[in-house]
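Analysis of the macromolecular model
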Amino acid sequence: MKVVITGAGGLVGRALTTHCVAQGDEVNGLDHRTLDITDAAAVKSQLAPIKPDAVLNCAARTGVDGCESHPNPAQRAKG
């Protein structure tokens, strides 16, 4: 299976990447430097050439204090 994992640089994303690779999946891991999940055009352009069977979204904003003091970026990441 061809899988894209967003948030692949984070704790959950790294663990899921390791798991999928061990299962024999072809994994394309994208971290926040590679893909801004709040930019729909960027998401479409990154996914189109890969043609994944599944997209596993592990992207998240962390840091409660930062999210509380800057709620707009946190809400954009929520989708």
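Sequence order as written defines the numbering, with residues in each chain counted from 1. For this predicted model, a pLDDT threshold of at least 70 governs which residues receive local features, and a threshold of 80 or more governs which side-chain atom pairs are given and counted, while totals over whole chains, interfaces and linings are taken from all residues. Computation of side-chain values covers all heavy atoms of the structure but excludes hydrogens and water.

**Quick look at the overall build of the protein**
For the purposes of this entry, the term helix denotes a DSSP run of H or I that reaches at least four residues, the term strand denotes a run of E that reaches at least two, and both are numbered from the N terminus. Counting its secondary structure elements, the protein contains four helices and three strands. Beginning at the N terminus, the succession of helices and strands in the protein can be written as β-α-β-α-β-α-α. A 1.4 Å probe rolled over the protein chains alone gives each residue an accessible area, and that area as a share of the maximum for its type sets the label: buried under 20%, exposed over 50%, partly exposed in between. Within the protein, the fraction of its 79 residues that count as buried is 23%. The long-range fraction of contacts in the protein, counting pairs at least 24 apart against all pairs at least 6 apart in sequence, stands at 56%. Using a 1.4 Å probe, the Shrake-Rupley method yields the accessible areas, and only the shown protein chains count as cover for residues. Of the roughly 5400 Å² of accessible surface on the protein, 54% is carried by carbon and sulfur atoms. The contact criterion used throughout is that any non-hydrogen atoms of two residues lie within 4.5 Å.

**Focus on unusual backbone geometry**
With the exception of glycine, most residues fall at negative phi, and the peptide bonds are largely trans. Of note in the backbone geometry, Lys-51 takes a positive phi value of approximately 50° without being a glycine. Overall, Lys-51 belongs to the exposed group, its relative accessible area being 61%.

**Description of the side chain of Thr-17**
With respect to the secondary-structure elements, Thr-17 resides in helix α1 (residues 11–22). Of the polar contacts made by the side chain of Thr-17, one reaches the backbone oxygen of Gly-13; its length is 2.8 Å. Aside from chain neighbours lying at most four places away, what touches Thr-17 is Ile-5, Ala-8 and Val-27. Two N or O atoms count as a polar contact when they lie within 3.5 Å, although within protein this holds only if one can serve as hydrogen donor and the other as acceptor, and sequence-adjacent residues are included solely when both atoms are side-chain atoms.

**What about the pairing of strand β2 (residues 26–30)?**
Bridging between strand β1 (residues 2–6) and β2 involves five bridges; their strand directions are parallel. Pairing of Lys-2 across the sheet is with Glu-26, part of β2. Read from β1 through α1 to β2, the crossover connection turns out right-handed. For two strands to count as paired, DSSP must find a minimum of two bridges between them. Classification remark: right-handed applies to a crossover when, strands pointing away from the viewer, the course from the first strand over the helix to the second runs clockwise.

**Concerning the side chain of Thr-6**
On the secondary structure map, Thr-6 appears in strand β1. When sequence neighbours within four positions are dropped, the list of residues in contact with Thr-6 reads Leu-30, Leu-35, Ile-37, Leu-56, Asn-57, Cys-58 and Ala-59.

**Some remarks on the pattern of salt bridges**
Put simply, a salt bridge is a Lys or Arg side-chain nitrogen that is within 4 Å of an Asp or Glu carboxyl oxygen. Evaluated as defined, the whole model comprises one salt bridge. For Asp-31, the salt bridge identified is with Arg-33, shortest N-O distance 2.9 Å. The exposure class assigned to Asp-31 is buried, which follows from its relative accessible area of 17%.

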